[in-house]
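Results of the structural survey
For reference, the chains in residue letters:
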Amino acid sequence: MYEIARRHLGKVVAGAAMAVTGTAVAVAIGLPGVSVGQTAPGTVGGTAAGGATGGGGGSGEAAGTGAAASGAGTQGQAAAPQPATVVPPAAEGEKGVGGDPLTDDELARAEALALAPPAATAQRDVTGGRGPQRLGTRLADPIPGDASRRAEVRLYDYGRDELVTRTVNLDTGKVESSGAQRGVQPSAHPEELREALELILASPLGKGVKEDYEDATGKELTSGEQLWFNGDVYRTYRESHVPAALARCGEHRCVRLVTKVLNGAWIDTRNLIVDLSARTVTRVG
């Protein structure tokens, strides 16, 4: 009886062992990259996932991982946005068409025609030099039925305190009209504002500007190049009180500046009015 029980128990154990072996083989076959007889990564007898595997099992896993990474890299490259293409602006021609703004070539040609001697040589600019002071140039209004492009050039003659306006035909190269006005003061040109700053610094009233600059920077102010500046025409009709020294502003060309240290503090020069015609500086307020 004992012998029969022992044989029966042996058969059960053997059957269980065969069942476990079959299950392991089936799992091994079902896992990608794992051959029969190899241990699947992460199971007992192998290394943890992400480590090196024992035997030849690592090659299958590495191949699978490499293929997946390669596929992901290909997808990433395909999805990456292409760099933007900056298209340069079209080259400006020598001559505009219709109502196009004046080209650089047209601006230079218009000013050269307007400043042609002998009339221009008798006039004076803001520094007192020969020739009128340039103020600006714009496209003139078209003439119906005439396709020619014309430019209106504005100049200021400091010798006579006159605003001079000349209309030039850019196609024919001729000055078609010229006129002068007194008491008309367009906005100041940057060259005029720079001359006004130099006059302030050269005047006794410029001492306060130099002191303010030294207080702000610890350095000496020796040139207008050390300051940022802007400004415009001083118009007496906007002021409640006009000093006697500035009574002719409007007939004369007068300007007011705002200044500041380059990339620094403001320096108040709004109470200093420069008469560019008389080349004087007057304090107001």
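All of these numbers come straight from a predicted model, not from anything done at the bench. (Residues numbered from 1 in each chain as written. Predicted model: local features only at pLDDT ≥ 70, side-chain atom pairs only at ≥ 80, totals over all residues. Heavy atoms only, no water.)

**Quick look at the pattern of salt bridges**
As enumerated under the stated definition, the model contains 15 salt bridges in all. Note that Arg134 is salt-bridged to Glu191, the shortest N-O span being 3.4 Å. With Arg134 in strand β1 (residues 133-139) and Glu191 in helix α4 (residues 190-202), this residue pair connects regions lying 57 residues apart in the sequence. A residue is classified by how much of its surface remains accessible, and Arg134, at 36% relative accessible area, is partly exposed. Arg150 is paired through a salt bridge with Glu176; the nearest N and O atoms lie 2.6 Å apart. In this pair, Arg150 sits in strand β2 (residues 150-157) while Glu176 sits in strand β4 (residues 174-181), placing the two residues 26 residues apart along the sequence. (Salt bridge = Lys/Arg side-chain N within 4 Å of Asp/Glu carboxyl O. Helix = DSSP H or I, 4+ residues; strand = E, 2+ residues; numbered from the N terminus. Buried < 20%, exposed > 50% of the residue type's maximum accessible area, 1.4 Å probe, protein only.)

**Some points on the side chain of Glu195**
With respect to the helices and strands, Glu195 occurs in helix α4. Given the relative accessible area of 14%, Glu195 is considered buried. Residues within four places of Glu195 in sequence aside, it is in contact with Val126, Thr127, Leu276 and Arg279. (Contact = heavy atoms within 4.5 Å.)

**Some remarks on α4**
An ideal rise of 1.5 Å per residue puts 18 Å on 13 residues; α4 measures up with 19 Å between its terminal C-alpha atoms. On the buried face of α4, the contacting elements are β1, α5 (206-217), β5 (227-233), β6 (254-261), β8 (272-275) and β9 (280-283). (Expected span 1.5 Å × (residues − 1).)

**Topic: the nonpolar core**
Ile200, Val209, Leu227, Val255, Val274 and Leu276 are the most contacted members of the largest nonpolar core, which totals 26 residues. Elements with a minimum of two residues in this core: α4, α5, β5, β6 and β8. When residues no more than four places from it in sequence are discounted, the contact partners of Leu276 are Val126, Tyr158, Glu192, Glu195, Ala196, Leu199, Arg253, Cys254 and Val255. Counting ten residues, the second largest nonpolar core, distinct from the first, contains Leu102, Leu113, Ala114 and Val164. (Core = buried A, V, L, I, M, F, W, Y, C linked by side-chain atoms within 4.5 Å.)

**Focus: a nonpolar patch on the surface**
A contiguous nonpolar surface patch, about 360 Å² in accessible area, is contributed by Trp228, Leu262 and Trp266. Checked against the element boundaries, Trp228 lands in strand β5. (Patch = residues over 30% accessible without salt bridge, like charges linked within 9 Å, V, L, I, M, F, W, Y side chains within 5 Å. Areas by Shrake-Rupley, 256 points an atom, 1.4 Å probe, with all protein chains shown as cover.)

**As for the sheet that holds strand β3 (residues 162-169)**
Taken in spatial order, the four strands of this open sheet run β1-β2-β3-β4, and their pairing is antiparallel. Each edge of the open sheet carries a strand with a single partner, namely β1 and β4. Sheet twist, expressed as the mean angle between neighbouring strand axes with direction ignored, is 20°. Relative to β3, β2 runs antiparallel, the two being bridged by eight bridges. Across the sheet, Tyr156 pairs through a bridge with Leu163, a residue of β3. (Pairing = 2+ DSSP bridges. Axes fitted to C-alpha atoms, helices over the stretch in contact; angles between N-to-C directions.)

**Thoughts on a negative patch on the surface**
Side chains of Glu211, Asp212, Glu214, Asp215 and Glu220 sit close together on the surface and give a patch of like negative charge. On the secondary structure map, Glu214 appears in helix α5. (Lys, Arg positive; Asp, Glu negative; His and termini not counted. Charge placed at Lys NZ, Arg CZ, Asp CG, Glu CD.)

**Re the confidence of the model for the protein chain**
Scored by pLDDT, the protein chain comes out at a mean of 80, with 71% of its residues at no less than 70. Contacts for the low-pLDDT stretch residues 1-69, under 50 throughout, to residues beyond four places or in other chains number 29 contacts. (pLDDT = per-residue confidence, 0-100.)

**Thoughts on the environment of Leu135**
Tracing the backbone through its elements, the reader meets Leu135 in strand β1. Judged by relative accessible area, Leu135 falls into the buried class, the value being 10%. A C-alpha to C-alpha distance of 9.1 Å links Leu135 and Glu192, two positions 57 residues apart in sequence. Sequence-distant contacts of Leu135, that is, excluding residues within four places in its chain, are made with Arg154, Leu155, Tyr156, Leu163, Pro186, His189, Glu192 and Arg253.

**Notes on unusual backbone geometry**
A cis amide bond links Pro117 with the next residue in sequence, Pro118, at an omega value of 10°. Examined against the element boundaries, Pro118 turns out to sit in the loop between α3 (104-114) and β1. In this model, Arg279 sits at a positive phi of 60°, which is unusual for a non-glycine residue. For Arg279, the position within the fold is in the loop between β8 and β9. Note on Arg279: relative accessible area 38%, which makes it partly exposed.

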